[in-house]
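The primary structure of each chain is shown beneath.
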Amino acid sequence: MFERFTREARSAVTGAVAVSERSGADHVSEEHLLLSLLEAGQGRAAFALTALGVRDRRESLEAGLAEARRRGGLTRADTAALGGLGIDVDAIVARVEDVHGEGALGGERPPRRWWSPRRPFTAGAKGVLESALRVALGRGDRFIGAEHLLLALTSRPGVVADVLAEHGATYASVERALYGGEEEAGPPTALAG
């Protein structure tokens, strides 16, 4: 699959590894892929993120991602659904942090990579790469570009898509920024998995 990646897409993936290293994470996640795309200076994905104003609001985006990590990776929809059942996620997070310290649910652990110098990709990050392939094939492209990675990030349910949507970057808006007025029905349902 990686032979189909453009230079920008390969740079985004290697950049995600660098973002992961800088943050001290012992893995590469969807969040790292997004942050790598935000760091890109050129290419179609960078253009779309700039056109949608997401790059100008990086601090806000990072704060949204940090808040989701603090909630143990729950999206706002998850939190609202639990609230509807009478479960106050904020109260639970506060209690856990009182006992175990701030960010206890964030999953931040010291690196445990003594057996391998490589950072593994999480199942979610691998899913984004697979979804990028599906997006490219669905568009009839013979390559996988950084724009396909961005579309895949917006199409997969979860924290990254949630935070992007809060900042105006949905699948539909990214697609419009990338391809203009071409009519598309939205992300294929196969991308959600």
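All of these numbers come straight from a predicted model, not from anything done at the bench. (Residues numbered from 1 in each chain as written. Predicted model: local features only at pLDDT ≥ 70, side-chain atom pairs only at ≥ 80, totals over all residues. Heavy atoms only, no water.)

Further remarks concern the overall build of the protein chain. When helices and strands are counted, the protein chain shows ten helices and zero strands. In the protein chain, the order of α-helices and β-strands from amino to carboxyl end is α-α-α-α-α-α-α-α-α-α. Carbon together with sulfur atoms contributes 53% to the accessible area of the protein chain, which is approximately 10400 Å² in total. (Helix = DSSP H or I, 4+ residues; strand = E, 2+ residues; numbered from the N terminus. Areas by Shrake-Rupley, 256 points an atom, 1.4 Å probe, with all protein chains shown as cover.)

For the pair helix α2 (residues 30-39) and helix α4 (residues 58-70), interaxial distance at closest approach is 12 Å and the crossing angle is 175°. One element, α2, and the other, α4, form an angle in the roughly antiparallel class. Contacts between α2 and α4 involve Glu 31, Leu 34, Leu 35, Leu 38 and Glu 39 from the first element and Arg 58, Leu 61, Glu 62, Leu 65 and Arg 69 from the second. Looking at the contact of α2 with α4, its residues break down into five nonpolar, no polar and five charged. (Axes fitted to C-alpha atoms, helices over the stretch in contact; angles between N-to-C directions. Parallel < 35°, antiparallel > 145°, perpendicular 65-115°, else oblique. Contact = heavy atoms within 4.5 Å. Nonpolar A, V, L, I, M, F, W, Y, C, P; charged D, E, K, R; others polar.)

Time to look at the nonpolar core. Ranked by internal contacts, the top residues of the largest apolar core, which has 42 residues, are Leu 34, Leu 37, Leu 61, Leu 65, Leu 149, Leu 153 and Leu 164. When neighbours within four sequence positions are excluded, Leu 164 is seen to be in contact with Leu 34, Val 54, Leu 61, Leu 153, Thr 154 and Ala 169. (Core = buried A, V, L, I, M, F, W, Y, C linked by side-chain atoms within 4.5 Å. Buried < 20%, exposed > 50% of the residue type's maximum accessible area, 1.4 Å probe, protein only.)

Quick look at the packing of aromatic side chains now. Aromatic rings considered in pairs are described by the distance between their centres and by the relative angle of their planes. Throughout the structure, instances matching the rule amount to zero aromatic pairs. Above the plane of the ring of Tyr 179 lies Arg 139, whose end atom (NZ or CZ) is 3.5 Å from the centre. (Phe/Tyr/Trp six-rings, centres within 6.5 Å; stacked < 30°, edge-to-face > 60°. Lys NZ or Arg CZ within 6 Å of the ring centre and 35° of its normal.)

Below, the discussion takes up the side chain of Glu 175. Along the polypeptide, Glu 175 turns up in helix α10 (residues 171-179). Judged by its relative accessible area of 7%, Glu 175 is buried. For Glu 175, the side chain forms a polar contact with the side chain of Arg 139, separated by 3.3 Å. (Polar contact = N/O pair within 3.5 Å; in protein donor to acceptor, adjacent residues only side chain to side chain.)

Mapped onto the secondary structure, Pro 120 falls in the loop between α6 (89-100) and α7 (123-139). On the basis of relative accessibility, which here comes to 46%, the residue Pro 120 falls in the partly exposed class. With 103 residues separating them along the chain, Pro 120 and Val 17 place their C-alpha atoms 9.1 Å apart. Leave out the neighbours within four places in its chain, and Pro 120 touches Asp 26, His 27 and Val 28.

Once that is clear, we can look at the pattern of salt bridges. Under the counting rule described, the total for this entry stands at five salt bridges. Its salt-bridge partner being Arg 58, residue Glu 39 comes within 3.6 Å of it at the nearest N-O pair. Taken together, the residues Glu 39 in helix α2 and Arg 58 in helix α4 connect sequence positions 19 residues apart. Owing to a relative accessible area of 38%, Glu 39 belongs among the partly exposed residues under this scheme. (Salt bridge = Lys/Arg side-chain N within 4 Å of Asp/Glu carboxyl O.)

Further remarks concern the confidence of the model for the protein chain. For the protein chain, per-residue confidence averages 82 on the pLDDT scale, and 73% of positions sit at 70 or higher. The weakest mean pLDDT in the protein chain belongs to α6 at 62; the strongest belongs to helix α8 (residues 146-155) at 97. Within the model, the stretch residues 108-115 combines pLDDT values under 50 with nine contacts to residues more than four positions away or in other chains. (pLDDT = per-residue confidence, 0-100.)

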